[in-house]
Amino acid sequence: MDSSIFLIGIAGPSGSGKSHLAAELHQRMKRLGRQKELSILNEDAYYRDTGEMSQGQRSKINFDHPDALEHDLLVKHLEDLKTGKGISVPRYDYSTHRRKKETETFQPTPIVLLEGILIFHDRQISDRLDLKIFLDVPLEVCLARRLKRDTSQRGRTADSVLRQFEQTVRPMYFQFIEPSRKQANLVLPMDRENQVAVDFLFHALCGLVPKNDGNTQP
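Residues numbered from 1 in each chain as written. Predicted model: local features only at pLDDT ≥ 70, side-chain atom pairs only at ≥ 80, totals over all residues. Heavy atoms only, no water.

1. A short note on the packing of helix α1 (residues 18–31) against helix α7 (residues 195–208)
Next, step 1: Where α1 contacts α7, the axes come no closer than 10 Å and their chain directions differ by 55 degrees. Taken together, α1 and α7 sit at an angle that is classed as oblique. Crossing hand, α1 versus α7: right-handed. Contacts between α1 and α7 involve Leu-21, Glu-24, Leu-25, Arg-28 and Met-29 from the former and Gln-195, Val-198, Asp-199, Leu-201, Phe-202, Leu-205 and Cys-206 from the latter.
Next, step 2: A per-class count over the contact of α1 with α7 returns 8 nonpolar, 1 polar and 3 charged. (Axes fitted to C-alpha atoms, helices over the stretch in contact; angles between N-to-C directions. Helix = DSSP H or I, 4+ residues; strand = E, 2+ residues; numbered from the N terminus. Parallel < 35°, antiparallel > 145°, perpendicular 65-115°, else oblique. Left-handed = near helix turned anticlockwise from the far one by under 90°. Contact = heavy atoms within 4.5 Å. Nonpolar A, V, L, I, M, F, W, Y, C, P; charged D, E, K, R; others polar.)

2. Re the packing of helix α5 (residues 139–153) against helix α6 (residues 158–180)
A packed helix pair is summarised by two numbers, namely the angle formed by the two axes and the spacing between the axes.
Next, step 1: The N-to-C vectors of α5 and α6 enclose an angle of 140 degrees; their axes lie 10 Å apart at closest approach. By the angle class used here, α5 and α6 are oblique. Along this stretch, α5 crosses α6, giving a crossing that reads as right-handed. Residue-level contacts link Leu-139, Leu-143, Arg-146, Leu-147, Asp-150 and Thr-151 of α5 to Ala-158, Val-161, Leu-162, Gln-164, Phe-165, Val-169, Arg-170, Tyr-173 and Phe-174 of α6.
Next, step 2: Of the residues assigned to the contact of α5 with α6, the class counts are 10 nonpolar, 2 polar and 3 charged.

3. Looking at the packing of aromatic side chains
Next, step 1: Applying the stated criterion across every chain, the model contains 3 aromatic pairs.
Next, step 2: Consider the rings of Tyr-47 and Phe-63, whose centres lie 5.6 Å apart with planes at 85 degrees: the pair is edge-to-face. Here Tyr-47 is found in the loop between β2 (38–42) and α2 (55–58), whereas its partner Phe-63 is found in the loop between α2 and α3 (71–82), with 16 residues between them in sequence. Of the two residues, Tyr-47 and Phe-63, both sit in the buried class.
Next, step 3: Aromatic side chains Tyr-173 and Phe-174 sit 5.0 Å apart centroid to centroid with 75 degrees between the ring planes, which places their arrangement in the edge-to-face category. (Phe/Tyr/Trp six-rings, centres within 6.5 Å; stacked < 30°, edge-to-face > 60°. Buried < 20%, exposed > 50% of the residue type's maximum accessible area, 1.4 Å probe, protein only.)

Structure representation (C-alpha cells):
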C-alpha cells in the first residue's frame, strides 16, 4: 500500500455534522491553496442500486441498515486509493433512491476523508482507516438537523423524515452505530460549535502533508 495516502474516517449518527466537518476542513485547506491535498469520499454514494425495484419496494428499504450499502465496492475502492489508483464513485439520487448512470472520477490525494454512519461498523472498512473520528451528538439534535437537510436538499417531506427516523434511524443507531463508537480513536462532541476540535483537526491534517513554508494558519 502507498503509505503516503492517509485515510481518515468520520462517523456518527445521521445529522451529527460529518459532512459539515469534512467540508469545513477542506475549505480551510483551500484557503491555503492546499485543497488538492485533501478529498472527501461519502459512504452514501455506495447505497445499492435499486433500479429493478418498484417505487413501493424501494420505500420499504431500511436505508440505515448495513445491507443497504455496497460496502464490498467501497472496500475495493479504499484499497485502490491506497495503492494510488483512481476510482469511479457511484452517484446516488436521494429523491428516487436510485443510482445515476454517470459515475464520478475520484483521484487519490495525500489525505482522504471518508464520512458515513456505518463505516466503523464494517470491520473491513474500519481496519483500513488510519484515523477514526466519531462525532457524538444527541439524537434529538440530529433529528432537527436531518429534518432541515432532507426537506431542503433531498426532496423529502417532513412526515416521511419523521417516520423514517422513528422506524429505522433511531433503532439502527442503537444497533449498529453507537456500538461502533468504540472503534474510534477520537470522540468529539459536536452538538454545538466546537471550534477547538476543528482547529485541532485542521492543524493535525496540515502536519500530515508538510509545506515548505510552514504556513498552517486557517
